[in-house]
Amino acid sequence: MSWDEERIRSVLHTLARHRGDSTLIEVKRADKGLPKSLPETICAFANMPDGGTIILGVDERSGFTITGVGNPAEIEGGIASQAREAVDPPPFIATTSVDIDGKTLVVAEITGLSITNRPARHKGRAYLRQADGDYVM
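Residues numbered from 1 in each chain as written. Predicted model: local features only at pLDDT ≥ 70, side-chain atom pairs only at ≥ 80, totals over all residues. Heavy atoms only, no water.

Student: For this particular structure, what's the right way to read the pattern of salt bridges?
Tutor: Two side chains bearing opposite charge may form a pair once their charged atoms approach each other closely. One pass over the full model with this rule turns up seven salt bridges. Measuring nitrogen to oxygen at the nearest pair gives 2.9 Å for the salt bridge that ties Arg 129 to Asp 134. Judged by relative accessible area, which is 2%, Arg 129 ranks as buried. When its relative accessible area of 21% is taken as the criterion, Asp 134 is described as partly exposed. (Salt bridge = Lys/Arg side-chain N within 4 Å of Asp/Glu carboxyl O. Buried < 20%, exposed > 50% of the residue type's maximum accessible area, 1.4 Å probe, protein only.)

Structure below.
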């Protein structure tokens, strides 16, 4: 399913009402570059049967406000690089940039690894996604 402004606004509205991320969607502020916790989240989603989605350029703490990212191409490349270098085995990630109100968001869809390739690990630790967080298995 493709990501566009309407879908993102709908998802952000739902997350704001819920007051937190979900098992399938994580938002991260990335206006100053890639978040340090990104590899753990990629790893956790890779270990989920249906994977998950990370939306970069949204501030959860301020009510899911769109903050945007500085350099979308750099962010997309960084996501792919972290998946290859920090997660073993690396999952497939499809990225999309979406402009909303003059700000660009980057959406990363992480495909869950097959059961024979799980668990994915980051720094030797396997993570799993539960509710609004990434937890060591």
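Student: Can you walk me through the nonpolar core in this structure?
Tutor: A general tendency of soluble globular proteins is for nonpolar side chains to be buried together. Grouped together as the largest cluster of nonpolar side chains are 21 residues, with contacts concentrated most on Ile 42, Ile 54, Leu 56, Ile 79, Ile 93 and Ile 110. For this core, the elements supplying multiple residues, two or more each, are helix 2 (38-46), strand 2 (52-56), helix 3 (72-86) and strand 6 (103-110). A per-element tally of this core places helix 2 first, with six residues. If we ignore the near neighbours within four places in the chain, the residues touching Ile 79 are Leu 34, Leu 38, Ile 42, Leu 56, Ile 93, Thr 95, Val 106 and Ala 108. Grouped together as the second largest cluster of nonpolar side chains are 15 residues, Leu 15, Val 27, Phe 64 and Val 107 included. (Core = buried A, V, L, I, M, F, W, Y, C linked by side-chain atoms within 4.5 Å. Helix = DSSP H or I, 4+ residues; strand = E, 2+ residues; numbered from the N terminus. Contact = heavy atoms within 4.5 Å.)

Student: Would you mind going over the sheet that holds strand 5 (residues 93-100) with me for this structure?
Tutor: Hydrogen bonds along the backbone pair up the strands of a sheet, which may run parallel or antiparallel. With respect to topology, four strands assemble into an open sheet ordered 1-2-6-5, the strand pairing being mixed. The sheet terminates laterally at strand 1 (25-28) and strand 5, the two strands that pair on one side only. Between one strand axis and the next, the sheet turns through 20° on average, direction left out of account. Strand contacts of helix 2: strand 1, strand 2, strand 5 and strand 6, with the helix running at about 155° to strand 2, the strand carrying the most contacts. The strands touched by helix 3 are strand 2, strand 5 and strand 6; relative to strand 5, the strand with the most contacts, the crossing angle is about 160°. (Pairing = 2+ DSSP bridges. Axes fitted to C-alpha atoms, helices over the stretch in contact; angles between N-to-C directions.)

Student: How should I be thinking about helix 1 (residues 5-18) in this particular structure?
Tutor: Residue pairs three or four apart in sequence face the same way in an α-helix, which turns once every 3.6 residues. Over its 14 residues, helix 1 extends 20 Å from the first C-alpha to the last, a length consistent with the 20 Å expected when each residue adds 1.5 Å. For helix 1, the set of buried residues is Ile 8, Val 11, Leu 12 and Leu 15. Viewed end-on, helix 1 has its buried residues packed into an arc of 100°, placing them on one side of the element. Along helix 1, exposed side chains directed more than 90 degrees from the buried face belong to Glu 6 and Arg 17. For helix 1, the elements touching its buried residues are strand 1, strand 2, strand 3 (58-59), strand 4 (65-66), strand 5 and strand 6. Arg 19 occupies a position one or two residues after helix 1 and carries a positive phi of about 65°. (Expected span 1.5 Å × (residues − 1). Arc of directions from axis to C-beta.)

Student: Sorry, what's going on with the pairing of strand 8 (residues 125-130) here?
Tutor: Side-chain positions along a regular strand alternate between the two faces of the sheet. Both strand 7 (residues 121-122) and strand 8 contribute to a ladder of two bridges, which runs antiparallel. Considered in strand 8, the bridge of Arg 121 is made with Ala 126. In this antiparallel pair of consecutive strands, strand 7 and strand 8, the connection spans two residues, and Lys 123 shows a positive phi of 55°. Pairing geometry for strand 8 and strand 9 (residues 133-136), over four bridges, is antiparallel. Within strand 9, the position partnered with Tyr 127 by the bridge is Val 136. Between strand 8 and the antiparallel strand that follows it, strand 9, lie two residues; Ala 131 among them carries a positive phi value of about 50°.

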